[in-house]
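# Results of the structural survey
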Amino acid sequence: MYECEATADLLLMTPQAKTSPAPESRETSIEAVLVKAVLEGDREGFGRLHDLYAPLVHGILLSRVPRAEVDDLVQDIFLHAFKKLHTLRDWGAFGPWIAMIARNRAMDFHRRHRETVEVTEDLRSSDTSINKATEILELITGLPAAYHETLILRLVEGMTGPEIATRTGLTPASVRVNLHRGMKLLREKLSFKENT
Amino acid sequence: MKDDYLWDKSGEPDPEVQQLEEILGTLRYQPRPLEIPDDLIVQRRRNYFPLLAIAATFVIALLAAGLWYRAASQKSAAPLEAQVEQPAPAPTVQQRPEDKTLATENHGPSPLPRVPPRKTQPANSVAFNGKRHNRASAPVLTAAQEKEAEEAKAQLLMALRVASEKLNLVQRKTQGAGGPNQIRNQHKIG
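Residues numbered from 1 in each chain as written. Chains lettered and ligands numbered in written order. Predicted model: local features only at pLDDT ≥ 70, side-chain atom pairs only at ≥ 80, totals over all residues. Heavy atoms only, no water.

## Quick look at the overall build of chain B
- Across its full length, chain B holds six helices and zero strands.
- By residue count, 13% of the 190 residues in chain B fall in the buried class.
- Within chain B, contacts between residues at least 6 apart in sequence are counted, and of these 54% link residues at least 24 apart.
- Carbon and sulfur atoms make up 59% of the accessible area of chain B, which totals about 15800 Å². (Helix = DSSP H or I, 4+ residues; strand = E, 2+ residues; numbered from the N terminus. Buried < 20%, exposed > 50% of the residue type's maximum accessible area, 1.4 Å probe, protein only. Contact = heavy atoms within 4.5 Å. Areas by Shrake-Rupley, 256 points an atom, 1.4 Å probe, with all protein chains shown as cover.)

As structure tokens, this is what we get:
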């Protein structure tokens, strides 16, 4: 178990090798073009970047902060990214860059709003489908940190494995391992819950 | 095959994964337009290359000017070193013919020999190392010049002796002692 987690952590932290052929290099080039346009004053270009990467940021936040806070944080993160876009050196690496901003912002949120989190977690929706989804989401977030982000991006945001790899900057192999091991652990938890 | 569906949604669908997708899909991101405030301006990356280029050019120009100034000062200092004045020869006393006759025949007051004014070294006669050259070496004279100098010296001594005798005589006359110099006589006697 521990060995599995360690391997998964290692894989999660393995960035995509630059020498490996980029399967979606066309998208990368689109990112670079958009970032360049925004830096030259095209504000609408940043709107397109937001449309492309908002699901990624939403998924990352959903695995770390309460659901009620996610939408506002997504807006804050993109506004922060807009202000700091000139600090991005590799324009094609917009995805990994904004993913890192989202992770850091989630950590800041927990430092500042620890008490508020407990209150908002108790707020339940009357919608049963939402309640069920929230329960499963809690199960996923209870998984080791190496897996829950990838699983949420796959199951909640509907992204494929290659998309997750490209947008987060991880290698496809590490995303694949994280997906399969995370899914296996989630199945075990779900079956255990159904049996009880 | 089921693994492929989890990976890229290809192949045979996994019913359990599909069910999870349906349930969790309710939490999916709902697109919202991003509202960027008008006063929020994206900063441009600062390009320091022109500033660096200007600074480097300025530094290089300063260095070149410094080197040029040093080379120029060395060039101007080199002739000074070469033009260090030779030490002036010792003043020679040349008695004029009229003075010689006065000293030997008339026993009159002989004028003092004219000594040419000593040449002072110019202020710019400083060597490059900042040390002042103050060499007082003996003048190089030929044999004829040495002989002439010896004669002039003898004549000068003679003139001084004559002048001294005349001054003694005047002193005796003014003191009213017309006789011989008693002191000298006493001295002679003693």
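## Digging into the pattern of salt bridges
- With the rule as written, the count across this model stands at seven salt bridges over all chains.
- Note that A:R103 is salt-bridged to A:E149, the shortest N-O span being 2.8 Å. Taken as a pair, A:R103 in helix α5 (residues 94–112) and A:E149 in helix α8 (residues 145–155) lie far apart in primary sequence, 46 residues in all.
- Judged by its relative accessible area of 16%, A:R103 falls in the buried class.
- Across the salt bridge formed by A:R154 and B:E21, the nearest N and O atoms sit 2.4 Å from each other. (Salt bridge = Lys/Arg side-chain N within 4 Å of Asp/Glu carboxyl O.)

## Details of a nonpolar patch on the surface
Residue and element names in this part refer to chain B.
- A cluster of nonpolar side chains, contributed by Y48, L51 and L52, occupies part of the molecular surface with about 350 Å² of accessible area.
- With respect to the element layout, Y48 can be found in the loop between α2 (15–24) and α3 (49–82).
- Its relative accessible area of 46% is what places Y48 among the partly exposed residues. (Patch = residues over 30% accessible without salt bridge, like charges linked within 9 Å, V, L, I, M, F, W, Y side chains within 5 Å.)

## Quick word on the interface of chain B and chain A
- Contact with chain B, which involves 32 residues of that partner, is made by 50 residues of chain A.
- Both sides together, the interface formed by chain B and chain A hides about 3800 Å², and carbon and sulfur atoms give 63% of it.
- Across the contact surface, chain B and chain A share four salt bridges.
- Here A:R187 ties to B:E16 by a salt bridge, and the two come within 2.6 Å at their closest N and O atoms.
- Linking chain B to chain A there are 11 residue pairs in polar contact (both at pLDDT 80 or more).
- Every element with two or more residues in the side of chain B that touches chain A is listed here: α1 (2–8) and α2 of chain B.
- Residue composition of the side of chain B that touches chain A, by class: 16 nonpolar, three polar and 13 charged. (Buried area = accessible area lost by both parts, 1.4 Å probe. Polar contact = N/O pair within 3.5 Å; in protein donor to acceptor, adjacent residues only side chain to side chain. Nonpolar A, V, L, I, M, F, W, Y, C, P; charged D, E, K, R; others polar.)

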